[in-house]
Amino acid sequence: MKHRYLPMTAQDEKEMLQAIGVDSIADLFSDIPEKVRFKGEYNIKPAKTETALMKELSALAAKNANSNDYVSFLGAGVYDHYKPVIVDHVISRSEFYTAYTPYQPEISQGELQAIFEFQTMISELTGMDLANSSMYDGSTALAEAGMLAAGHTRRKKILVSAAVHPETRDVVKSYALGQSIEVVEVPLRDGHTDLQALEEMIDADTATVMVQYPNFFGQVEDLGALEAIIHGAGALFSVSANPLSLGALTPPGKFGADITVGDAQPFGIAEAFGGPHCGYFAVTKKLMRKVPGRLVGETVDEDGRRGFVLTLQAREQHIRRDKATSNICSNQALNALAASVAMTAFGKVGIRDIAVQNITKTHYMKQQLEAAGFDITYKGAHFNELVVNLGISVKKVNADLLDQGILGGYELGRTYSELEGHVLIAVTELRSKEEIDAFVQQLSASVQEVGATHA
């Protein structure tokens, strides 16, 4: 065979052409006028042997800075967390990584049970009545929450806190554009959603208010105060929550959230340079028939044995435009399985312990930075991340840190003009005391170096 990974032989090709009544592959394109056909050579490299290609691709991949070779203090939505080795062992089993969609429950019980376990654990973590089988990622999950809220309330405006991840806000706006839904951002006050501004902005046309918990800056929002304002106006309360933080923080369901979404990446899912990851979507019972994606339910067969099936809604209702409640009719089953395996391995006590470590180590980072003379921009309770004012170019400081084997924080000036010179630093349970101390020391040196060079 000419191409070893294409199973078709020359004889296969000949037989197929005979079957459809043509003499050659070129005959298949006879209806395309000659004048519009491409006659040149494609601007691509000549084919290489497998070994040569692997060397080239490996060399390209080696140019990436990753958290295996560098000490990472970069978060902003994707985090360097502990992943139990059992996760890759389970998801590498062929019955899981080759599975597509469990339409036939009689041959998909393993996949369906795995999804059911994911739904159950997400519901318990978030304090919500039920969760779906997963979404593509946390950003699309929040956008879907907005569309659900608009459809349920028949209102055409969404308020989204400026403390929600900037890229997620962009996804929400993209979704809303096609539905002619207005998206308005609620401003910040001291790194939190401005409650006074929210009270002034919310009205009878507001379908939902979206906040992040903890928010993009790592600050813990006051969900109790937010709930009173939002439900007082008859809108739905939508929360995008870091699921790991819920091991220590009071879950949104306890504050009366109607919809809780987020990304399960902190649970056993690799950073993977930004994806794919796994969104989750949890709601109260009153909204369960409007949940996007799919739901797995538990039942019994005719012999009384426990079994699992897709329930409450069919994929076809989303395919048919006039019946659709969402444009997502699939899910991230493999990554949801990874999250389920990780959550099971950690257990309730383990998830809480890891969440507390994130809080404790971030607090230690804050103490060390302040002792080194750095200004911590926002005060109050925070999780995983904190904002530091460097006063100079974050990009240049990060470049200097990279030379020292450190992945610096997120440059906030890229998305918040008022935070030029500020950096968002993430500290997870994987960062040791020695790594934190070394980072603070190197950050001080890098800031001095960059400041002196560009004085």
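Anyway, here's the lowdown on the structure attached to this text. The structure displayed is predicted, hence computed values, not measured ones.

**So, the packing of aromatic side chains**
Right, so step 1: Applying the stated criterion across every chain yields a total of 10 aromatic pairs.
Right, so step 2: Plain terms: the ring middles of phenylalanine 217 and tyrosine 416 are 5.0 Å apart, the flat faces sit at 55° to each other, and that makes the pair tilted. Linking phenylalanine 217 in the loop between strand S7 (206–213) and helix H9 (223–232) with tyrosine 416 in the loop between strand S16 (410–411) and strand S17 (422–426), this pair joins segments that are 199 residues apart in sequence.

**Section: unusual backbone geometry**
Right, so step 1: The peptide bond linking tyrosine 213 to proline 214 adopts the cis configuration, its omega dihedral lying at -15°.
Right, so step 2: Cis geometry is found at the peptide bond from glycine 275 to proline 276, where omega equals 5°.
Right, so step 3: Along the chain, proline 276 turns up in the loop between strand S9 (259–263) and strand S10 (279–283).
Right, so step 4: A positive phi angle, near 120°, is found at serine 134, a position not held by glycine.
Right, so step 5: As for its placement among the helices and strands, serine 134 is situated in the loop between strand S2 (130–131) and helix H6 (138–153).
Right, so step 6: The phi angle at serine 180 is positive, at roughly 55°, despite the residue not being glycine.
Right, so step 7: Structurally, the position occupied by serine 180 is in the loop between helix H7 (166–178) and strand S4 (182–186).

**Notes on the sheet that holds S16**
Right, so step 1: Judged by pairing direction, the sheet is antiparallel, and its four strands sit side by side in the order S13-S14-S17-S16 without closing on themselves. Each of the sheet's edge strands pairs with one partner strand only, and the pair in question is strand S13 (375–376) and S16.
Right, so step 2: Two strands pair when backbone bridges link them, and S16 and S17 are joined in this way by two bridges, in the antiparallel orientation. Bridge pairing links tyrosine 410 to leucine 424 in S17.

Cut-offs and rules
- Residues numbered from 1 in each chain as written.
- Predicted model: local features only at pLDDT ≥ 70, side-chain atom pairs only at ≥ 80, totals over all residues.
- Heavy atoms only, no water.
- Phe/Tyr/Trp six-rings, centres within 6.5 Å; stacked < 30°, edge-to-face > 60°.
- Helix = DSSP H or I, 4+ residues; strand = E, 2+ residues; numbered from the N terminus.
- Pairing = 2+ DSSP bridges.

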